[in-house]
Every structure is written in structure tokens, then in C-alpha cells.
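Breakdown of the fold
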Amino acid sequence: MKSRSEALFQLRPNLNLTTSPLQNPLEHFQNTCLRPILKFQNELLLEVFKMHISKRKNLFYILKKEDRPTYISNEISKDNQLRKLLQGITLALFTFEELSFYQENKSEINKRINRLIAQRLIDQLQLLEA
């Protein structure tokens, strides 16, 4: 039987990102942990944000296309419930070792998670519009 960590690593897509021993530990964590998890969770992140749009009475769809990226960033940074949900979707796929590193660097990693999710959603605006 596989360990939880082995199973989680098998779920994550391989992004072939180059890492360096000189790389900042947080940057290394972002590239080896956060980015693969967010890529794996991409469909779920999109659906959660679509549900959030619906909960906000579809205001997103009334906005001009050039205002939508700002809306996404603002919602993730200002709506505590949405932000915590998106962070939880990410944290749920951490190994115990990654969770330990997260605890030591919680504030910085949360900022990175929020920024990466916002950028991922902005890059896929056409999927939110469907």
C-alpha cells in the first residue's frame, strides 16, 4: 500500500520546471509543490470561482472585459471565505513535510497561493465566460 505522500506525488503533474540549489526555499516550494498542485486542481479552482461569481449575482459578467482581471484579484484578496476555500483546496494536497514547511512560512506561502490562483484564473478568463 502506498503512503499518502507517494499517492499525492503521483497525482501531481510533472511540470519540468528547472530548480537550482541556489534557489530561495520559498521559490523552490512554489515551483515543486504549489504550481503542480494548482495545475492538478485547475478545473476545481475554475468551478469554485464560477460558483463565487454566481453567488455575487453574476456581477463579473456585467463588467467590461478589461475590468475582469482586477475583479478576480480583488475578490481573492478581499473575500475571506473565498480566499480560505481556495487555500484549502491547495493545502489539502500537501504532504506532511510540505505542511510543516507551510507552517513555518504560512504568511508568505498564502500570498503566493493567492497570487498564483489569481493569475491562473486571469489566464483562463475565456473559460470563466462560458
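Calculation criteria
Residues numbered from 1 in each chain as written. Predicted model: local features only at pLDDT ≥ 70, side-chain atom pairs only at ≥ 80, totals over all residues. Heavy atoms only, no water. Phe/Tyr/Trp six-rings, centres within 6.5 Å; stacked < 30°, edge-to-face > 60°. Helix = DSSP H or I, 4+ residues; strand = E, 2+ residues; numbered from the N terminus. Buried < 20%, exposed > 50% of the residue type's maximum accessible area, 1.4 Å probe, protein only. Contact = heavy atoms within 4.5 Å. Expected span 1.5 Å × (residues − 1). Arc of directions from axis to C-beta. Axes fitted to C-alpha atoms, helices over the stretch in contact; angles between N-to-C directions. Parallel < 35°, antiparallel > 145°, perpendicular 65-115°, else oblique. Nonpolar A, V, L, I, M, F, W, Y, C, P; charged D, E, K, R; others polar. Salt bridge = Lys/Arg side-chain N within 4 Å of Asp/Glu carboxyl O.

1. Observations regarding the packing of aromatic side chains
Under the defined criterion, the tally for this structure stands at six aromatic pairs. Judged by centre distance (4.9 Å) and plane angle (35°), the rings of Phe29 and Phe101 are tilted. Highlighted residues: Phe29 in helix H2 (residues 25–40) and Phe101 in helix H7 (residues 96–104), separated in sequence by 72 residues. With a centroid separation of 5.4 Å and an interplanar angle of 80°, the aromatic rings of Phe60 and Tyr61 are classed as edge-to-face.

2. Notes on the side chain of Arg68
Within the fold, Arg68 resides in helix H5 (residues 68–78). Taking relative accessible area as the criterion, Arg68 reaches 7% and is therefore assigned buried. Once you skip the residues sitting within four places of it in the chain, Arg68 turns out to touch Phe60, Tyr61, Leu63, Leu125 and Glu129.

3. A word on helix H6 (residues 80–91)
A turn of α-helix holds 3.6 residues, and therefore any two residues three or four places apart point the same way. Taking 1.5 Å as the rise per residue, H6 with 12 residues should run 16 Å; its terminal C-alpha atoms sit 16 Å apart, in good agreement. Among the residues of H6, Leu82, Arg83, Leu86, Gln87, Ile89 and Thr90 are the ones counted as buried. Projected onto a plane normal to the axis of H6, the buried residues spread over an arc of 155° and lie on a single side. Opposite its buried face, H6 presents the exposed residues Gln81 and Lys84, each directed more than 90 degrees away.

4. Description of the packing of H7 against helix H8 (residues 106–123)
Axis angle and axis distance: for two packed helices, these are the angle between their axes and the distance between the axes, and together they describe the pair. Where H7 meets H8, the axes come as close as 5 Å, and the angle between the chain directions of the two elements is 105°. When the interaxial angle is binned, H7 and H8 end up roughly perpendicular. Contacts from Phe101, Tyr102, Gln103 and Glu104 in H7 reach Lys106, Ile109 and Asn110 in H8. Partitioning the contact of H7 with H8 into residue classes produces three nonpolar, two polar and two charged.

5. Observations concerning the environment of Glu27
Relative to the assigned elements, Glu27 resides in helix H2. For Glu27, a relative accessible area of 37% gives the class partly exposed. Measuring from C-alpha to C-alpha, the distance between Glu27 and Ser107 comes to 14 Å, with 80 residues separating the pair along the chain.

6. Considerations on the packing of helix H3 (residues 42–55) against H8
Taken N-terminus to C-terminus, the directions of H3 and H8 make an angle of 80°; their axes are 11 Å apart at the nearest point. On the basis of the axis angle, H3 is roughly perpendicular to H8. Facing Asn42, Leu45, Leu46 and Phe49 of H3, the residues of H8 in contact are Ile117, Arg120 and Leu121. Taken together, the residues of the contact of H3 with H8 sort by class into five nonpolar, one polar and one charged.

7. Quick look at the side chain of Glu75
Positionally, Glu75 belongs in helix H5. Leave out the neighbours within four places in its chain, and Glu75 touches Phe49, His52, Arg56 and Leu82.

8. A few points about the pattern of salt bridges
On inspection of all chains with the given rule, the structure shows seven salt bridges. Asp79 is the salt-bridge partner of Arg56, the closest N and O atoms lying 2.3 Å from each other. Taken together, the residues span a long stretch of sequence, with Arg56 in the loop between H3 and helix H4 (59–62) and Asp79 in the loop between H5 and H6 at a distance of 23 residues. One salt bridge in this structure joins Arg112 and Glu108, with 2.9 Å as the shortest N-O distance. Pair noted here: Arg112 and Glu108 are both in helix H8, with a separation of four residues, about one helical turn. The class for Glu108 is partly exposed, based on a relative accessible area of 29%. Each of Arg56, Glu75 and Asp79 takes part in salt bridges that share partners, so that together they form one network.

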